[in-house]
Amino acid sequence: MAAVSRFYITTPIYYINAEPHLGHAYTTMVADAVARAHRLLGDDVFFLTGTDEHGQKVERAAQKAGLSPEAFADHIARKFHDLLPALNISNDDFIRTTEPRHHAAAQELWRQVRDRGFIYKDKYEGWYCTVDEIFVPETQLVAGRCGICGNPVERIAEESYFFRLSRFEQPLLDHYRAHPDFVTPAGRRNEVLTFLEGGLEDLSISRTSFTWGIPVPDDPAHVMYVWFDALTNYMTAAGYGVSQPAAAARFARYWPADVHLIGKEIVRQHAIYWPAFLLAAGLPLPRQIVSHGWWLMEGAKMSKSKGNVVRPHEYVDRFGLDAVRYFVFREMVFGQDASFGDEAILTRYNSDLANDLGNLVSRTTTMAHRYCDGVVPSADRELLARPPERELSSAVGALVVKVKAAVASFQSSTALRDIWEVIGATNRYIVTREPWQLAKSPDRRAELDAALYAAADALRVIAELIRPFMPATGERTLRMLGVEPEAASWTSLRPGTLEPGTTLGELAALFPRIEHTVEELRAMAADTNDVSPAPGSQGASTSVSSAAASAGAAGSATTGTVAATTAAADRISIDDFMKVELRVARVLSAEPVPKSSKLLKLQVDTGADQRTIVAGIAESYEPAALVGRTIVVVTNLKPAKLMGVESNGMVLAASPEGGKALLLSFDVAPVPGTRVR
RNA sequence: GCCGGAGUAGCUCAGUUGGUGAGAGCACGCGUCUCAUAAGCGCGGGGUCGGCGGUUCGAAUCCGCCCUCCGGCACCA
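Please read these numbers as outputs of a predicted model, since none were measured by experiment.

Caption draft 1: Up close: the protein's contact with RNA strand B. In the vicinity of RNA strand B lie 43 residues, with N359, R363, L637, L642 and G649 positioned nearest. The contact atoms of RNA strand B, taken as those within 4 Å of the protein, divide so that sugar and phosphate hold 68%. At 3.2 Å, a side-chain N or O of Q437 approaches a phosphate oxygen of RNA strand B. R513 places a main-chain nitrogen or oxygen 3.1 Å from a base oxygen of RNA strand B. For the surface near RNA strand B, the secondary structure elements donating two or more residues are α13 (342-372), α16 (412-433), α17 (435-438), β19 (610-615) and β21 (640-642). Per-element tally for the surface near RNA strand B: the top contributor is α13, with 13 residues. Its residues assigned to classes, the surface near RNA strand B comprises 17 nonpolar, 15 polar and 11 charged.

Caption draft 2: Layout of the sheet that holds strand β1 (residues 6-15). Taken in spatial order, the 6 strands of this open sheet run β3-β2-β1-β12-β13-β7, and their pairing is parallel. Pairing within the sheet leaves two strands with one partner each, and these edge strands are β3 (93-96) and β7 (183-184). Relative to strand β12 (residues 259-263), β1 runs parallel, the two sharing 2 bridges. Each residue of the ladder has a partner; that of I9, found in β12, is V259. In the packing of helix α3 (residues 69-86) onto the sheet, the strands contacted are β1, β2 (44-52) and β3, and the crossing angle to β3 comes to about 160°. Lying over the sheet, helix α9 (residues 245-254) contacts β1 and β2, oriented at roughly 105° with respect to β2.

Caption draft 3: Region of interest: the pattern of salt bridges. The tally for this structure, following the rule as stated, stands at 33 salt bridges. Here R325 makes a salt bridge to D32, at a shortest N to O gap of 2.7 Å. A residue pair is termed long-range when its members are at least 10 positions apart, and R325 in helix α12 (residues 321-331) and D32 in helix α1 (residues 22-40) qualify at 293 residues. Like D32, R325 is buried.

Caption draft 4: Focus on the environment of W110. For W110, the location among the structural elements is in helix α4 (residues 100-115). Given the relative accessible area of 1%, W110 is considered buried. As for W110 and A281, which are separated by 171 residues in sequence, their C-alpha atoms are 8.4 Å apart. Setting aside chain neighbours within four positions, we find W110 in contact with I119, Y161, I205, S206, V216, P217, M224 and F228.

Caption draft 5: Up close: the pairing of β3. Side chains D93 and I95 project from β3 onto one buried face, and the interleaved F94 and R96 project onto a second face that is buried too. Pairing of β2 with β3 involves 4 bridges; the strand directions are parallel. Bridging across to β3, T49 finds its partner in F94.

Caption draft 6: Highlighting the pairing of strand β11 (residues 219-224). Pairing between strand β9 (residues 206-207) and β11: 2 bridges, direction antiparallel. When the bridges of β11 are listed, R207 appears paired with V223. One ladder, built from 2 bridges, connects strand β10 (residues 215-216) with β11; its direction is antiparallel. Among the inter-strand pairings, P215 is bridged to a residue of β11, identified as V223. Taking the residues between adjacent antiparallel strands as the criterion, β10 and β11 are bridged by 2 residues, where D218 takes a positive phi near 65°.

How each quantity is defined
- Residues numbered from 1 in each chain as written.
- Chains lettered and ligands numbered in written order.
- Predicted model: local features only at pLDDT ≥ 70, side-chain atom pairs only at ≥ 80, totals over all residues.
- Heavy atoms only, no water.
- Near = heavy atom within 4 Å.
- Polar contact = N/O pair within 3.5 Å; in protein donor to acceptor, adjacent residues only side chain to side chain.
- Helix = DSSP H or I, 4+ residues; strand = E, 2+ residues; numbered from the N terminus.
- Nonpolar A, V, L, I, M, F, W, Y, C, P; charged D, E, K, R; others polar.
- Pairing = 2+ DSSP bridges.
- Contact = heavy atoms within 4.5 Å.
- Axes fitted to C-alpha atoms, helices over the stretch in contact; angles between N-to-C directions.
- Salt bridge = Lys/Arg side-chain N within 4 Å of Asp/Glu carboxyl O.
- Buried < 20%, exposed > 50% of the residue type's maximum accessible area, 1.4 Å probe, protein only.

Next comes the structure, spelled out in structure tokens:
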């Protein structure tokens, strides 16, 4: 870590169209650990997180819930906000994009970029298909008609402000060349470079189709496109856009940020758009964009439809916060995806936390109490100079250096692995010296004291190094050793500095072993949820719909009505359904579509005719296995061209999120042409 | 099809610029201490380092081809 005395780190601001899950929690916990490490190093840290609350999605979700966008945003933002204390997050500020300070900052950035000539108003112009309600790219036009439905297209233009992103291709490439670590890990950086080299097009940065956003300066019919708005938050919180001297001084001190920590799905916005906006405004760029991988649930992608979204609370309740923090830091290798799972956590808990660390703390402090009257013994210098003591001490000294380096490069798994290696070394050291034997011979008092001092001293450094990852555990351990946790304790941290003679604190087991199987734990969790929904947690997990209901009950008849009519409006009539002609068909032949990995070209017999249908099921079915199979197709669909092949209809299949498509089939095959309804 | 990542003990993974007989943790078996959370410590079994070929005195590590898995893109009527 460089000798920078101030350190500014951010998480993304979280978009409030979904409830917080493990992914949000993880990003925030990593930022927290890094922020804490820098504070321990004596840095002046500014750690920011918050919520992204504008946009059409939020506007619609609010409408659906029968709430104003403001009320809806307040409701969900609170959940993100309340997650922080539960995870022991040490953020210095929490920003919401709906706050006045942010509106002011985003508008200021807009003006600054505009006044330097990088924003222009133009028409978002293109060929528009009124049937499909989309803009059809030039390349997909077929003889002047929509390549999708075959209907004529119209030339349509919608007003929008554009950012001259195309001007920044070369400046960005230059910056990347000058700062090889601007984006890490390297794989992500390469992706960005590839994208850059492919050329940049100007970016549409305003919308007129909705109003839930920050108005464009001097043209309030437009609201800012979400990324221009959202990314600016990193400067808002540092004091940008406020003319008061205090805020200006703060901005001068904290900007540019040292680290924007993000998930790999938003690399492009942070690695291209954001630096381009800043270059356009003539402002300094953040020092580093650091992106991490995704959490999988038992090896599978998390999704709502699978019902395997991890809610951090459940695991914190079951294992304790520091155990969850330890697990995610230890398990996820920097930059890669990692798998979350009950069994894995349980193993980590019992092996690493209970057996290794917890038991080491327990045996060390217990012996100090029993043999040394509850104070840190003082050790004879020569006894500490013997090989086992020197070896332990130098391992501890090397550990301090290694952990500092690992934290600087976000390698939490490496840091913890190294720390646990020294925990093992300390356990081995204790066995080597056998203090319980020394205690039997009064004439070996000095050796006993030296042994317990050496163990306690090593444990003290371990506890200090653990603090960023497991703050409560680190501090409790220090107190048990009679050390008062200090803010900047890493600056002078080294072995041999534990103060002799101090009284040990009260002892308690850090991580009692969990003698239950995974199944038992799950059953216990289920019981808790079913039998006694804790009053507190019920409040915390109130769904949006019930919030809407209570808003209605509170006297706002209109909001309740809105919700009801919206729901009713989503229904369709039987006539609407009957417009879709579904018929039984038989597959006559099937072959892959060249150059495509998802598409199969099918010849089917619909009873009335034989036709070609292209279906996106190549990843689930072998062509040969489909021949002769009886399926269901939509027969009255307009033709569409896919990868150059015209498709006259659509096959029906269940499509699980992230899973393989499953074709509809019958108990007994009806004849082709039979109507399905 | 294109781009990227990965394929090392039953499981999860380390293995820097090619060089002591290929490692750790978990799990398993045996032994041992008793300060400690039935924890600790020691020993052990088990791997054609995805496959084939090449460079080299020597490759898990470099090169080529191939196979498999996972992302992203094209694409999902």
